[in-house]
Amino acid sequence: MKGGQKVVIEKHRHEGIFIAKGKEDALVTVNMTPGESVYGEKRIAVEGDGGEKIEYRVWNPFRSKIAAAVVGGIENIWIKPGSKVLYLGAASGTTVSHVSDIVGPTGAVYAVEFSARSGRDLINCAKKRTNIIPIVEDARHPHKYRMLVPMVDVLFADVAQPDQARIFALNASYFLKNGGKFVISIKANCVDSTVPAEVVFQKEVAYLQGEKFKPSEQITLEPYERDHAVVVGTYRASKNDGK
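S.K.: I'm lost on the packing of aromatic side chains in this one. Help?
M.R.: When we look at a pair of aromatic rings, we describe it by the centre distance and by the angle of the planes. Here the structure, examined in full by the defined rule, presents nine aromatic pairs. Ring centres of Phe 62 and Tyr 224 lie 4.8 Å apart, and the angle between their planes is 75 degrees; on these two criteria the pair is classed as edge-to-face. With Phe 62 in the loop between strand E5 (53-58) and helix H1 (65-71) and Tyr 224 in the loop between strand E11 (213-220) and strand E12 (228-235), this residue pair connects regions lying 162 residues apart in the sequence. Note on Tyr 87 and Phe 156: the rings are 4.6 Å apart at their centroids and 50 degrees apart in plane angle, and the pair reads as tilted. Of this pair, Tyr 87 sits in strand E6 (residues 84-88) while Phe 156 sits in strand E9 (residues 152-157), placing them 69 residues apart in sequence. Like Phe 156, Tyr 87 is buried. When the ring centre of Trp 78 is taken as origin, the NZ or CZ atom of Lys 181, which lies over that ring, is 4.3 Å away.

S.K.: Which parts of the structure should I look at to understand the environment of Val 154?
M.R.: Its place among the elements puts Val 154 in strand E9. On the basis of relative accessibility, which here comes to 1%, the residue Val 154 falls in the buried class. Separated by 76 residues in the primary sequence, Val 154 and Trp 78 have C-alpha atoms spaced 7.0 Å apart. In this structure Val 154 touches Ile 77, Trp 78, Ile 79, Lys 84, Val 85, Leu 86, Leu 176, Lys 181 and Val 183, once residues within four positions along its chain are discounted.

S.K.: When you look at helix H4 (residues 164-175) in this model, what are you seeing that I'm missing?
M.R.: Residues that lie three or four places apart on an α-helix share one face, since the helix turns once every 3.6 residues. Spanning twelve residues, H4 covers 16 Å between terminal C-alpha atoms, matching the ideal 16 Å at 1.5 Å per step. Listing the buried residues of H4 in full gives Gln 164, Ala 165, Ile 167, Phe 168, Ala 169, Asn 171, Ala 172 and Phe 175. Tucked into the core, H4 has its buried residues touching E6, E9, strand E10 (176-187), helix H6 (197-210), E11 and E12.

S.K.: Before we go on, may I ask you to explain the sheet that holds E5 in this structure?
M.R.: Whether parallel or antiparallel, the strands of a sheet pair through hydrogen bonds between backbone atoms. The five strands lie next to each other as E1-E2-E3-E5-E4, forming an open sheet whose pairing is antiparallel. Two strands in the sheet have a free side with no partner beyond their single neighbour: strand E1 (8-11) and strand E4 (43-47). Neighbour-to-neighbour, the strand axes of the sheet open up by a mean angle of 40 degrees, direction not taken into account. When E1 meets strand E2 (residues 18-21), the two strands line up antiparallel, connected through four bridges. Bridge pairing in E2 links Glu 10 to Ile 19.

S.K.: I keep staring at the sheet that holds strand E8 (residues 132-135) and nothing clicks. Help me out?
M.R.: Spatial strand order, E8-E7-E6-E9-E10-E12-E11: seven strands in an open sheet with mixed pairing. At either end of the open sheet lies a strand with only one pairing partner, and these are E8 and E11. In this sheet, adjacent strand axes meet at a mean angle of 15 degrees when their direction is disregarded. Alignment of E10 against E12, held across seven bridges, turns out to be antiparallel.

S.K.: For this particular structure, what's the right way to read the pattern of salt bridges?
M.R.: Tallied over the full model, the rule gives twelve salt bridges. Ionic pairing is found between Lys 65 and Glu 225, a salt bridge with its closest N-O pair at 4.0 Å. Here Glu 225 lies in the loop between E11 and E12 and Lys 65 lies in helix H1, a separation of 160 residues in the sequence. The burial state of Lys 65 is the same as that of Glu 225; both residues are buried. In this structure, the salt-bridge partner of Arg 129 is Asp 101, at a minimum N-O distance of 2.8 Å. With Arg 129 in the loop between helix H3 (116-128) and E8 and Asp 101 in helix H2 (residues 94-103), this residue pair connects regions lying 28 residues apart in the sequence. A relative accessible area of 1% means that Arg 129 is categorised as buried.

Here is what the cut-offs are and how they apply
Residues numbered from 1 in each chain as written. Predicted model: local features only at pLDDT ≥ 70, side-chain atom pairs only at ≥ 80, totals over all residues. Heavy atoms only, no water. Phe/Tyr/Trp six-rings, centres within 6.5 Å; stacked < 30°, edge-to-face > 60°. Helix = DSSP H or I, 4+ residues; strand = E, 2+ residues; numbered from the N terminus. Buried < 20%, exposed > 50% of the residue type's maximum accessible area, 1.4 Å probe, protein only. Lys NZ or Arg CZ within 6 Å of the ring centre and 35° of its normal. Contact = heavy atoms within 4.5 Å. Expected span 1.5 Å × (residues − 1). Pairing = 2+ DSSP bridges. Axes fitted to C-alpha atoms, helices over the stretch in contact; angles between N-to-C directions. Salt bridge = Lys/Arg side-chain N within 4 Å of Asp/Glu carboxyl O.

Spelled out as structure tokens, the structure:
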């Protein structure tokens, strides 16, 4: 993706996400910290309308469930400029950094990661990106970080635990506003490897429905991830808030 001249940037239909059209199309976000990569990703500098340079970072769907869902054609991810997002399973901050780009300086990403090692990388990432609030805690115990996280617009999770739906619902009850949006990545063989993936997805969605989540869409992440699905919808939806 070298050579900014040959690359044309187009807006994606998801606000805050762009497509770099060159020899190969790539999903990109505007780099909040120009001149720096977070995890060795490619960067593309393009001249803006006023002659200023804008730097974009390539967002690889093989390394990010959200990017895979976007490329897979998901209708809505609800993460947009100004959003407050609680992100469970932040790992080293690869996807979190792109969410940080999308929500921008008026938004915030509350990034929860239990592993101390990944947490160190996450904290380093947050030093440069002031809209990331790193929380090195177990997402099973949201009361431990309740003083750090306000009510949020969007809850995202990629925690790959057998009881992930329960963890998700517990965090939603603490932090997700009524009518707020949720995005959950379900890895079938982490929940139950003895039954087909579709059965796992059905059971997890049924559990979420019982916890006041109203799913509006579900897509699988092939070819980027095997036996993964992303489910999106609304939490504690009011009668007229079906969407």
